Amino acid sequence: MRIKVINPNTTASMTAKIAAAARAIALPSTEIIAASGTTGPASIEGNYDEAVATVGLLEEVRRGEAQGCDGYVIACFGDPGLLAAREIASGPVLGIAEAAFHAASMVATGFSVVTTLGRSTVICEHLLHRYGFERICRRVRATDLPVLELENPRSDSRRIITEECRRALAEDRAGAIVLGCAGMADLARDLSDELGVPVIDGVAVAVTMVEGLVRLGLKTAKNFDLAYPITGKSWTGRLADMAP
Ligand code: 5HY
């Protein structure tokens, strides 16, 4: 099968990190196509960044349909454009936050999220509510790390994230930790080993879940609200070529 993993921001080093995490877990028979947004912000830190980055994300999904992709992962913790992507995709589309929340709910009775900036905690809380996980998420914690600091080899980000995970385990009654940024994908295994609890990276979980859905023959439902977009109307201006 062929799964497209899309980093909606334009930072190549983060896309490479995400691709490595996806390929490390994928079945040998699964081809992972990794893609970056080609236009928009270098990192996504808020609602405006997400909204603008969604255009490039959707372009990559449309391209993926032409490439014969069986499923997609939106590798950004805000799950930007998830339902719009599901409308234009035939196969399953998972966001890394939704996937990570599901996995955490299966291995613990409560989990905490450790993410980047304070403003991202509100976006995460909105997702928890939308997906129905607000009752078992114990807390959403910010490290106050800018997303691109995770790409800085000289940063102290690994220590800062580790300390915040320790505080979550000591204070939140959390059984598991969800890492709240695709840029943390390379930390999950080491943190799990060091802390002795499940530390969940949504990239690896989403790839595995998409593989499972594809193997089950489950595609995105096209009978109602996730049907392909309505055609036959005019599209003008800079986004005219986004017409379905
Ligand atoms: C992400 N931003 O996973 C989110 C995380 C965040 O560029 N990739 C980004 O902090 O919102």
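Because the structure is predicted, anything quoted here is derived from the model rather than measured. (Residues numbered from 1 in each chain as written. Predicted model: local features only at pLDDT ≥ 70, side-chain atom pairs only at ≥ 80, totals over all residues. Heavy atoms only, no water.)

Once that is clear, we can look at the sheet that holds strand β1 (residues 2-7). Hydrogen bonds along the backbone pair up the strands of a sheet, which may run parallel or antiparallel. With parallel pairing, the 4 strands of this open sheet are ordered in space as β2-β1-β3-β4. Since the sheet does not close on itself, it has two edges, and those belong to β2 (31-36) and β4 (93-95), each with one partner. With direction set aside, neighbouring strand axes in the sheet form an average angle of 20°. Bridge count between strand β3 (residues 71-74) and β4: 3 bridges; the pairing is parallel. Each bridged residue has a counterpart across the sheet, and for I74 the counterpart in β4 is G95. Along the sheet, helix α1 (residues 12-25) contacts β1 and β2; its crossing angle with β2, the most-contacted strand, is approximately 165°. (Pairing = 2+ DSSP bridges. Helix = DSSP H or I, 4+ residues; strand = E, 2+ residues; numbered from the N terminus. Axes fitted to C-alpha atoms, helices over the stretch in contact; angles between N-to-C directions. Contact = heavy atoms within 4.5 Å.)

Here the focus is the packing of helix α4 (residues 96-107) against helix α5 (residues 118-131). Here α4 crosses α5 at 65°, and the two axes come no closer than 11 Å. The crossing of α4 and α5 is right-handed. Contacts from A97, E98 and F101 of α4 reach α5 at C124, L127, L128 and Y131. Across the contact of α4 with α5, the residue classes break down as 6 nonpolar, no polar and 1 charged. (Left-handed = near helix turned anticlockwise from the far one by under 90°. Nonpolar A, V, L, I, M, F, W, Y, C, P; charged D, E, K, R; others polar.)

With respect to the helices and strands, T11 occurs in the loop between β1 and α1. You can call T11 buried: its relative accessible area is 13%. In this structure the side chain of T11 is engaged in a polar contact, spanning 2.5 Å, whose partner is the backbone oxygen of A42. (Buried < 20%, exposed > 50% of the residue type's maximum accessible area, 1.4 Å probe, protein only. Polar contact = N/O pair within 3.5 Å; in protein donor to acceptor, adjacent residues only side chain to side chain.)

Around the ligand, the neighbouring residues are N9, S43, I44, C76, F77, T116, S120, V147, G180, C181 and A182. In this structure, a nitrogen atom belonging to the ligand sits 2.7 Å away from a main-chain N or O atom of I44. Coverage of the ligand by the protein chains reaches 96% of its 300 Å² of free accessible surface. With respect to the pocket detection grid, the ligand is positioned in the largest cavity. Its residues assigned to classes, the shell around the ligand shows 6 nonpolar, 5 polar and no charged. A domain split of the shell around the ligand shows at least three residues from each of domain 1 (2-96 + 204-242) and domain 2 (97-201). (Near = heavy atom within 4 Å. Areas by Shrake-Rupley, 256 points an atom, 1.4 Å probe, with all protein chains shown as cover. 1 Å grid on protein atoms, 1.4 Å probe; cavity = no way out; pocket = protein on both sides within 12 Å on 5 of 7 lines; lining within 4 Å. Sits in = over half its atoms within 2 Å of the grid points. Domains from an automatic or database assignment.)

This part covers the domain arrangement of the protein chain. Domain parsing of the protein chain yields domain 1 (2-96 + 204-242) and domain 2 (97-201). Distance from the C-alpha centre of domain 1 to the C-alpha centre of domain 2: 22 Å. Opposite the 27 residues of domain 1 that make contact, domain 2 presents 29 residues. Both sides together, the interface formed by domain 1 and domain 2 hides about 2100 Å², and carbon and sulfur atoms give 62% of it. Broken down residue by residue, the surface that domain 1 buries against domain 2 is led by K17, E45 and F77, which jointly contribute 34%. Counting across the interface, domain 1 meets domain 2 through 3 salt bridges. (Buried area = accessible area lost by both parts, 1.4 Å probe. Salt bridge = Lys/Arg side-chain N within 4 Å of Asp/Glu carboxyl O.)

Turning our attention to the layout of surface pockets. Counted as a void, the largest pocket has a volume near 340 Å³. In terms of residue count, α1 provides more of the lining of the largest pocket than any other element does, 4 residues in total. Here the residues of the lining of the largest pocket sort into 10 nonpolar, 2 polar and 3 charged. Looking at which domains feed residues into the lining of the largest pocket, each of domain 1 (2-96 + 204-242) and domain 2 (97-201) supplies at least three. Its volume calculated, the second largest pocket comes out at about 230 Å³. Lining of the second largest pocket is provided by V55, L58, R62, A84, E87, I88, P229, W235, L239, M242 and P244. Elements with a minimum of two residues in the lining of the second largest pocket: α2 (47-66) and α3 (82-88). Here the residues of the lining of the second largest pocket are counted per class, giving 9 nonpolar, no polar and 2 charged. (Points joined across faces, edges and corners; volume = space filled by probe spheres on them.)

This part takes up empty space enclosed by the protein. Tallied over the full model, the rule gives 1 cavity of 30 Å³ or more. Volume-wise, the largest cavity comes out at about 220 Å³. Along its surface, the largest cavity is lined by 19 residues, and I44, C76, F77, G78 and G180 are the ones closest to its centre. Looking at the lining of the largest cavity, the element that brings in the most residues is α5, giving 3 residues. A per-class count over the lining of the largest cavity returns 10 nonpolar, 8 polar and 1 charged. Taken domain by domain, the lining of the largest cavity gets at least three of its residues from each of domain 1 (2-96 + 204-242) and domain 2 (97-201).

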